[in-house]
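Coordinate inspection notes
Below, each chain spelled out in residue letters.
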Amino acid sequence: MRVIGAGEEFLTKIKNGDDAAVDGFTGKVYVNPDEETLKKMLEKQKKDTEQKKLLGTLKGKENITKDGRKIKIYANIGGLADIGAALMNDAGGIGLFRSEFLYLESSRFPSEELQFQSYKKVLESMAGRKVIIRTLDICADKRVDYFNLDEEENPALGYRAIRICLTQPEIFKSQLRALYRASVYGNLGIMFPMITSVKEVEDIQKIIAEVKSELDSEKLAYSDSVEFGIMIETPAAAIISDRLAPLVDFFSIGTNDLTQYTLAADRQNPKVEPFCDTHHDAILRLIAMSAKNAHENGAWIGICGELAADTALTESFLRMGIDELSVSPPFVLKVRAAVRDIDLRK
Ligand code: PEP
Ligand code: MG
């Protein structure tokens, strides 16, 4: 289990050998909890287990509202080890496979072959269900020494993700080659993070065309039906979603970053969390605008940020026309339960 954002002061209060109880619902950590706290926590745990059992009865059921509207519920994964959890929780596919793990776990650039084997494995494991792999989303605050990234004052606004890929095409191409080669083993979608302009999308498409022509000349097979998607996680992308939508098969809204950039609130800084209203009208309007523009241009739209699992918003997302929600595996059945409880005729 990982606890983040506890603050430096916390570390001075806990020492080796202390007992700690973590309340995963509230994010609170109790060091050397007293009897009463422990009792409360155990009761919570028991309730949670019962709830999970209840949710288990939803396995194999459709994600359908009372009035018949269907939605896809996929899982977000961060590595091959998470595939089991996605399947166990009955996810209809993988809506976000964060490919950074390949780079973070390695001490040098992962070879095309190593990447190919990983993508092939996830595609085969999902046996024909959709698998959306996001290309590299790395930045100066994710320490990957061999990238030789300069220290930056504002890594979230800096040289990251697609900006690295477009300026270092040899890194990008090796990932794209591995992805396209793996595409024949399943139902692949590729999506690109941190998009802010039409030009970026056009540049990506040019590089993909080059990769495909290289594979053709090497007689290496790839699928013709790989879906092309972009993440909508900057306000710029949402605002010009009418111009981006004709270029793509799908949008995937990254609400974690969309929230930080829209509300100017650093997602890594616990001090600004109280100023970070994830239900802020500005964010909901950007999502609704992107959904409208996607559909008007024949693209589909999903949400893969944490907000996708917020069941207080499931009905609003359905009313906006969101086609897919991609959530961490333990939330798949919870969101299914919420969808099945909704009646859009009301
Ligand atoms: C997001 O920004 O919402 C997202 C899904 O991407 P990440 O959390 O990996 O930045
Ligand atoms: Mg993001």
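Residues numbered from 1 in each chain as written. Chains lettered and ligands numbered in written order. Predicted model: local features only at pLDDT ≥ 70, side-chain atom pairs only at ≥ 80, totals over all residues. Heavy atoms only, no water.

With that out of the way, let us pick up the overall build of the chain. Across its full length, the chain carries 14 helices and 10 strands. Computed over C-alpha atoms, the radius of gyration of the chain comes to 21 Å, within 12% of the 20 Å expected from 2.2 N^0.38 for 346 residues, which places it in the range of a compact globule. When burial is assessed residue by residue, the chain has 47% of its 346 residues classed as buried. Considering only contacts within the chain whose residues lie at least 6 apart along the sequence, 67% involve residues at least 24 apart. Accessible surface, the chain: about 17,900 Å² in total, of which carbon and sulfur atoms supply 51%. For the chain, the centre of its 46 positive side-chain charges and the centre of its 53 negative side-chain charges are spaced 6 Å apart. (Helix = DSSP H or I, 4+ residues; strand = E, 2+ residues; numbered from the N terminus. Rg over C-alpha atoms; globule rule 2.2 N^0.38 Å. Buried < 20%, exposed > 50% of the residue type's maximum accessible area, 1.4 Å probe, protein only. Contact = heavy atoms within 4.5 Å. Areas by Shrake-Rupley, 256 points an atom, 1.4 Å probe, with all protein chains shown as cover. Lys, Arg positive; Asp, Glu negative; His and termini not counted. Charge placed at Lys NZ, Arg CZ, Asp CG, Glu CD.)

The next subject is the coordination of the magnesium ion (ligand 2). Protein coordination of the magnesium ion (ligand 2) is provided by Glu233 (OE) and Asp257 (OD), with donor distances spanning 2.0 to 2.2 Å. Of this pair, Glu233 sits in the loop between β7 (227-232) and α9 (235-239) while Asp257 sits in helix α11 (residues 255-262), and the two are 24 residues apart along the sequence. What makes Asp257 buried here is its relative accessible area of 3%. (Donors = N, O, S within 2.8 Å, 3.2 Å for Na, K, Ca; no water.)

What follows covers the site of ligand 1. Taken together, 13 residues surround ligand 1, and among them Arg98, Arg134, Gly254, Asn256 and Arg267 come closest. Here an oxygen atom of ligand 1 sits 2.9 Å away from a polar atom, N or O, in the side chain of Arg134. A distance of 3.1 Å separates an oxygen atom of ligand 1 from a polar atom in the backbone of Thr255. When ligand 1 sits alone it has 290 Å² of accessible area, and the protein chains cover 96% of it. Among the elements of the structure, β4 (94-98) and α11 are those that each provide at least two residues to the shell around ligand 1. For the shell around ligand 1, the element with the most residues is α11, which contributes three residues. Looking at the shell around ligand 1 residue by residue, the classes come out as three nonpolar, four polar and six charged. (Near = heavy atom within 4 Å. Polar contact = N/O pair within 3.5 Å; in protein donor to acceptor, adjacent residues only side chain to side chain. Nonpolar A, V, L, I, M, F, W, Y, C, P; charged D, E, K, R; others polar.)

The subject of this paragraph is the sheet that holds β7. Strand order in the closed barrel formed by eight strands is β3-β4-β5-β6-β7-β8-β9-β10, with parallel pairing between adjacent strands. Each neighbouring strand pair of the sheet contributes to a mean axis angle of 25°, computed without reference to strand direction. Relative to strand β9 (residues 300-303), strand β8 (residues 250-253) runs parallel, the two being bridged by four bridges. Bridge pairing links Phe250 to Trp300 in β9. In the packing of helix α7 (residues 169-182) onto the sheet, contacts are made with β5 (130-134) and β6 (187-192), and the angle to β6 comes to roughly 160°. (Pairing = 2+ DSSP bridges. Axes fitted to C-alpha atoms, helices over the stretch in contact; angles between N-to-C directions.)

Relative to the assigned elements, Ala21 resides in strand β1 (residues 20-23). By relative accessible area, Ala21 is classed as buried at 11%. Ala21 has contacts with Lys28, Val29, Tyr30, Pro33 and Met41, leaving out every residue within four places of it along the chain.

In this section: unusual backbone geometry. Although it is not a glycine, Asn148 sits at a positive phi angle of roughly 50°. Among the structural elements, Asn148 can be located in the loop between β5 and α6 (162-167). On the accessibility criterion, Asn148 (65% relative accessible area) is exposed. Of note in the backbone geometry, Ala161 takes a positive phi value of approximately 50° without being a glycine.

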